[in-house]
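In case you want the letters, here they are:
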Amino acid sequence: MTAVVTAAPNTTDRFVDGETFNMGQVRCLSRLLTGQSGRIVTVQGEPQLALRILELGLVCGTPIRLLRSAPLGGPIEVEIDGAFLSLRRDEADAITVEV
């Protein structure tokens, strides 16, 4: 079973009179380039993993920036609301970000 948490549609940037606006590129957090910023769109994965990610403050709609990425599939470091967090790649793969 997988849990999926998505951001509620924002009428100013996604839908106008039923038409969808271009909301930018959407990709996994682990696929961002160093220094690139985005906004969390979804958190998905096993319920325990999704809950852990949400408890860390990585909730939908929150701005996030990739600071560093370890080589060979190691952890990544992100900045969120002035706090610095290190995440495993599988955790970062469960987070979808709009760039």
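Higher on the page you've got the structure.
Summarised in this report is the structure supplied together with it. Everything numeric here is computed off the predicted structure, so don't read it as measured data.

What the protein chain contains, in helices and strands, is 2 helices and 9 strands. Taken from N to C terminus, the helices and strands of the protein chain fall in the order β-β-β-β-β-α-β-β-β-α-β. Expressed as a percentage of its 99 residues, the buried residues of the protein chain come to 33%. Across the protein chain, every contact between residues at least 6 apart in sequence was considered, and the portion connecting residues at least 24 apart equals 62%. When the accessible area of the protein chain is evaluated, it comes to approximately 6,000 Å², of which 55% is carbon and sulfur surface.

So, about the environment of leucine 87. Relative to the helices and strands, leucine 87 resides in strand E8 (residues 83–87). Sequence separation between leucine 87 and proline 75 is 12 residues; the distance between their C-alpha atoms is 5.4 Å. Not counting the four nearest positions on each side in its chain, leucine 87 is found in contact with Leu29, Leu56, Leu58, Pro75, Ile76, Val78 and Ile95.

Here we come to the environment of leucine 29. Within the element layout of this structure, leucine 29 appears in the loop between strand E4 (26–28) and strand E5 (37–45). With relative accessibility at 0%, the residue leucine 29 sits in the buried group. Once the C-alpha coordinates of leucine 29 and isoleucine 95 are considered, the two residues, 66 residues apart in sequence, prove to be 5.6 Å apart. Apart from residues no more than four positions distant in its own chain, leucine 29 is found in contact with Ile64, Ile76, Val78, Leu87, Ala92, Ile95 and Val97.

What follows concerns the pairing of E8. Bridge analysis of strand E7 (residues 76–80) against E8 gives 5 bridges, and the strand direction is antiparallel. Paired with valine 78 across the strands is leucine 85, a residue of E8. Between E7 and E8, which pair antiparallel and follow one another directly, the connecting turn spans 2 residues, one of which, aspartate 81, has a positive phi of 50°.

Basis of the calculations
Residues numbered from 1 in each chain as written. Predicted model: local features only at pLDDT ≥ 70, side-chain atom pairs only at ≥ 80, totals over all residues. Heavy atoms only, no water. Helix = DSSP H or I, 4+ residues; strand = E, 2+ residues; numbered from the N terminus. Buried < 20%, exposed > 50% of the residue type's maximum accessible area, 1.4 Å probe, protein only. Contact = heavy atoms within 4.5 Å. Areas by Shrake-Rupley, 256 points an atom, 1.4 Å probe, with all protein chains shown as cover. Pairing = 2+ DSSP bridges.

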